Amino acid sequence: MNPKTDWFFNNQTKWQEAYSELRKLVLECELTEELKWGCPCYTVGKSNIVLIHGFKNYCALLFMQGALLKDTKKILVQQTENVQSARQIRFKNVEEIIEAKATITAYVREAIAIEKTGLKVVFKKTTEYNLPEAFQTALNNIPELKKAFEALTPGRQKGYLLYFSAPKQATTRATRVEKCMQKILDGKGLED
């Protein structure tokens, strides 16, 4: 147990009992407990294996490379359609965790084994994402913008492409492109 995570487990939330049970199960798998992104994260060496976190309607065990797990029980959830690697097991109460103890332990051990093999999720290339018409037009008409966008990291490029593609209306997509052009030209990501 890492004292840096104690505040997370001692914090009075409706998930406090569930968090403690998940912590106990994960630590039995001989992982190192750390605090990352404000949540308890369990690692092997420098590799993140699983994270405990909570939401309004559920708490979850998030497997960083969950897409590689066999998921024989069909319990892993992909948070959103754009999440490529991580998968969650969601719980609505501590009883569900206790009932699934053997399954949870098996999934954690499988995740550790996958990490030790060095196997990694193959991410989609930026070129595989939808390029909204408004952004393609801007790239065609402003060579500096195209050069600046291509100089961004793949993650920043992906962030912009998802952001530009999300609205249903073409005018909203065009407005987003227009508002972000200077950030791109400045070499900044969407969240920078």
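Conventions adopted
- Residues numbered from 1 in each chain as written.
- Predicted model: local features only at pLDDT ≥ 70, side-chain atom pairs only at ≥ 80, totals over all residues.
- Heavy atoms only, no water.
- Phe/Tyr/Trp six-rings, centres within 6.5 Å; stacked < 30°, edge-to-face > 60°.
- Helix = DSSP H or I, 4+ residues; strand = E, 2+ residues; numbered from the N terminus.
- Buried < 20%, exposed > 50% of the residue type's maximum accessible area, 1.4 Å probe, protein only.
- Lys NZ or Arg CZ within 6 Å of the ring centre and 35° of its normal.
- Salt bridge = Lys/Arg side-chain N within 4 Å of Asp/Glu carboxyl O.
- Arc of directions from axis to C-beta.
- Contact = heavy atoms within 4.5 Å.
- Axes fitted to C-alpha atoms, helices over the stretch in contact; angles between N-to-C directions.
- Left-handed = near helix turned anticlockwise from the far one by under 90°.
- Nonpolar A, V, L, I, M, F, W, Y, C, P; charged D, E, K, R; others polar.
- 1 Å grid on protein atoms, 1.4 Å probe; cavity = no way out; pocket = protein on both sides within 12 Å on 5 of 7 lines; lining within 4 Å.
- Points joined across faces, edges and corners; volume = space filled by probe spheres on them.
- Core = buried A, V, L, I, M, F, W, Y, C linked by side-chain atoms within 4.5 Å.

Engineer: Please set out the packing of aromatic side chains residue by residue, giving values where relevant.
Structural biologist: Evaluation of the coordinates by the stated rule reveals nine aromatic pairs. A ring pair is formed by Phe 8 and Tyr 19, whose centres lie 4.5 Å apart and whose planes are at 35°; its orientation type is tilted. Here Phe 8, found in helix α1 (residues 6–10), pairs with Tyr 19, found in helix α2 (residues 16–27); they are 11 residues apart in sequence, far enough to count as distant. One exposure class covers both Phe 8 and Tyr 19, and it is buried. When the centroid spacing of 4.9 Å and the interplanar angle of 80° are considered together, the rings of Phe 135 and Phe 149 count as edge-to-face. With Phe 135 in helix α5 (residues 133–141) and Phe 149 in helix α6 (residues 143–151), this pair connects stretches of sequence that are 14 residues apart. Of the two residues, Phe 135 and Phe 149, both sit in the buried class. Site record: aromatic cluster; members linked through ring pairs are Phe 135, Phe 149, Tyr 160, Tyr 163 and Phe 164. The ring of Tyr 129 carries Lys 124 above its face, with NZ or CZ at 4.2 Å from the centroid. The residue whose ring lies beneath Arg 176 is Tyr 163, and the NZ or CZ to ring-centre distance is 4.1 Å.

Engineer: So what's going on with the pattern of salt bridges? Which residues, and what values?
Structural biologist: Throughout the structure, instances matching the rule amount to six salt bridges. Measuring nitrogen to oxygen at the nearest pair gives 2.8 Å for the salt bridge that ties Glu 115 to Lys 120. Exposure remark for Glu 115: the relative accessible area of 13% places this residue in the buried category. Of the residues examined, Lys 120 reaches a relative accessible area of 46% and is grouped as partly exposed. Salt bridges linked by common partners bring Asp 6, Arg 23 and Glu 33 together as one network.

Engineer: Give me the lowdown on α6, citing residues and values where you can.
Structural biologist: Along α6, the positions that sit buried rather than exposed are Leu 145, Ala 148 and Phe 149. Axial view of α6: buried residues confined to an arc of 100°, hence all on one face. The exposed residues of α6 that point more than 90 degrees off its buried face are Pro 143, Lys 147, Glu 150 and Ala 151. On its buried face, α6 is in contact with α5, α7 (154–165) and α8 (170–185).

Engineer: For the packing of α6 against α8, give the residues involved together with the corresponding values.
Structural biologist: Interaxial distance between α6 and α8 falls to 9 Å at its minimum, and their mutual angle equals 65°. Here the hand of the crossing between α6 and α8 comes out left-handed. On α8, the residues that touch Glu 144, Leu 145, Ala 148 and Phe 149 of α6 are Met 181, Ile 184 and Leu 185. A per-class count over the contact of α6 with α8 returns six nonpolar, no polar and one charged.

Engineer: Provide a residue-level description of the layout of surface pockets, including the pertinent values.
Structural biologist: Here the largest pocket is characterised by a volume of approximately 180 Å³. In terms of lining, the largest pocket is formed by Thr 126, Thr 127, Tyr 129, Leu 131, Gln 136, Leu 139, Asn 140, Lys 146, Phe 149, Glu 150, Gln 157 and Leu 161. Of all the secondary structure elements, the ones that give two or more residues to the lining of the largest pocket are α5, α6 and α7. Residues belonging to the lining of the largest pocket are distributed by class as follows: five nonpolar, five polar and two charged.

Engineer: Let's hear about the side chain of Arg 87: which residues, and what values?
Structural biologist: Summarising the element assignment, Arg 87 is placed in strand β5 (residues 87–91). With sequence-adjacent residues up to four places away left out, Arg 87 is seen in contact with Leu 61, Leu 62, Phe 63, Gly 66, Ala 67, Leu 76, Val 77 and Gln 78.

Engineer: Outline the nonpolar core, listing residues and values.
Structural biologist: Core analysis: the largest hydrophobic core is formed by 36 residues, its most contacted members being Leu 61, Phe 63 and Ile 104. Those elements that place two or more of their residues in this core are α1, α2, β2 (39–44), β3 (47–54), β4 (59–63), β5, α3 (94–99) and α4 (101–117). When residues in this core are grouped by element, the largest group, six residues, is from α4. Filtering out sequence-adjacent residues up to four positions away, Ile 104 remains in contact with Leu 22, Leu 25, Leu 61, Phe 91 and Ile 97. Within the second largest apolar cluster, 14 residues are counted, among which are Tyr 129, Phe 149, Tyr 160 and Leu 161.

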